[in-house]
Amino acid sequence: MAMERTFIAVKPDGVQRGLVGAIIGRFEAKGYKLLALKALVPTKELASTHYEALSSKPFYGGLVDFICSGPVVAMVWGGGDIVKCARAMIGETSPSASAPGSIRGDYGVEVGRNVIHGSDAVATAEREIALWFGDEGVMEWEPTLNQWVYED
Ligand code: IDP
């Protein structure tokens, strides 16, 4: 099993709606480890760089404005196959297409208010971790409960 890191952000709608604790709880309960966490109102530069792959989309400007509209809780989580598994925990891009039990399926209604971001690939995760955390660094640690989450 590949030990990976992923970048997770609770978007302004998730923070305003008081979903930070519930979302962190899901990743903790799954058995993943928290490696970094901060709350910030992203600058326009940060948000537009984060979403630059979508710059040709009609919703890009609104998306960037939305991400800068209030506090975001940015996190790095680590664990086995976490990039793909976190995306499954998050659900589809549109909450209305997301299964009940997923974060977007349980907490969201519309695509432009879908509560949470999660990296879509290992390379994207490393790019996003560097962009959001840069020189601040990200912890590495060995949770004592790992023996109850992983076979070896
Ligand atoms: P993802 O967040 O599931 O990886 P992406 O296609 O990378 O989905 O889109 C990034 C974000 O852009 C979405 O999470 C959502 O907030 C927003 N978005 C995507 N498609 C639309 C749309 O059709 N209308 C408005 N916002 C959208």
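Rules of the game
Residues numbered from 1 in each chain as written. Predicted model: local features only at pLDDT ≥ 70, side-chain atom pairs only at ≥ 80, totals over all residues. Heavy atoms only, no water. UniProt positions renumbered as here; feature names shortened; annotations may be inferred. Helix = DSSP H or I, 4+ residues; strand = E, 2+ residues; numbered from the N terminus. Core = buried A, V, L, I, M, F, W, Y, C linked by side-chain atoms within 4.5 Å. Buried < 20%, exposed > 50% of the residue type's maximum accessible area, 1.4 Å probe, protein only. Contact = heavy atoms within 4.5 Å. Pairing = 2+ DSSP bridges. Axes fitted to C-alpha atoms, helices over the stretch in contact; angles between N-to-C directions. Polar contact = N/O pair within 3.5 Å; in protein donor to acceptor, adjacent residues only side chain to side chain. pLDDT = per-residue confidence, 0-100.

For the protein chain, the name recorded in an unreviewed UniProt entry is Nucleoside diphosphate kinase, with Porphyra umbilicalis as its organism. Recorded in UniProt for the protein chain, the comment headed Catalytic activity (unreviewed entry) runs: "a 2'-deoxyribonucleoside 5'-diphosphate + ATP = a 2'-deoxyribonucleoside 5'-triphosphate + ADP". The heading Sequence similarities (unreviewed entry) in the UniProt record of the protein chain holds the text "Belongs to the NDK family."

Novice: Talk me through the UniProt feature "domain: Nucleoside diphosphate kinase-like" (unreviewed entry) in the protein chain; I want residue IDs and the actual numbers.
Specialist: UniProt records the feature "domain: Nucleoside diphosphate kinase-like" (unreviewed entry) for residues 3-140 in the present numbering. For residues 3-140, helix accounts for 41% and strand for 20%, while the C-alpha atoms at its two ends are 12 Å apart.

Novice: Any details on the nonpolar core? Residues and values, ideally.
Specialist: If you look at the biggest cluster of nonpolar residues, it comprises 22 residues, and the most contacted ones within it are Ile-8, Ile-23, Phe-27, Trp-77, Ile-103 and Ile-116. Secondary structure elements with two or more residues in this core: strand S1 (3-10), helix H2 (20-30), strand S3 (72-80), helix H5 (82-90) and helix H6 (103-107). Top contributing element to this core by residue count: H5, with five residues. Not counting the four nearest positions on each side in its chain, Trp-77 is found in contact with Glu-4, Arg-5, Thr-6, Ile-8, Ile-24, Phe-27, Glu-28, Tyr-32, Lys-33, Leu-34, Leu-35 and Ile-82. One finds Phe-7, Ala-47, Val-72 and Phe-133 within the second-largest nonpolar core, a separate group that totals 19 residues.

Novice: Describe the sheet that holds strand S2 (residues 33-40), with residues and values.
Specialist: Strands sit in the order S2-S3-S1-S4 across an open sheet of four strands; the sheet is antiparallel. What marks the edges here is a single partner per strand, and that holds for S2 and strand S4 (116-118). Pairs of neighbouring strands in the sheet enclose a mean axial angle of 20 degrees, with direction left out of account. One ladder, built from three bridges, connects S1 with S4; its direction is antiparallel. Paired with Ile-8 across the two strands is Gly-118, which belongs to S4.

Novice: Please set out the pairing of S1 residue by residue, giving values where relevant.
Specialist: Here S1 lies mainly inside the structure; six of its eight residues are buried. Note: S1 against S3, eight bridges, orientation antiparallel. Residue pairing in the sheet places Glu-4 in a bridge with Gly-79 of S3.

Novice: So what's going on with the side chain of Lys-33? Residues and values would help.
Specialist: You can see Lys-33 is positioned in strand S2. Polar side-chain contacts of Lys-33 include one of 2.7 Å to the side chain of Glu-140. Setting aside chain neighbours within four positions, we find Lys-33 in contact with Val-76, Trp-77, Gly-78, Glu-140, Trp-141, Glu-142 and Pro-143.

Novice: Residues and numbers for the confidence of the model for the protein chain, please.
Specialist: Where the model shows low pLDDT, its predicted coordinates should not be examined in detail. Per-chain confidence: the protein chain averages 97 in pLDDT, with 100% of residues scoring 70 or above. In the predicted assembly, ipTM is 0.98 and pTM is 0.98.

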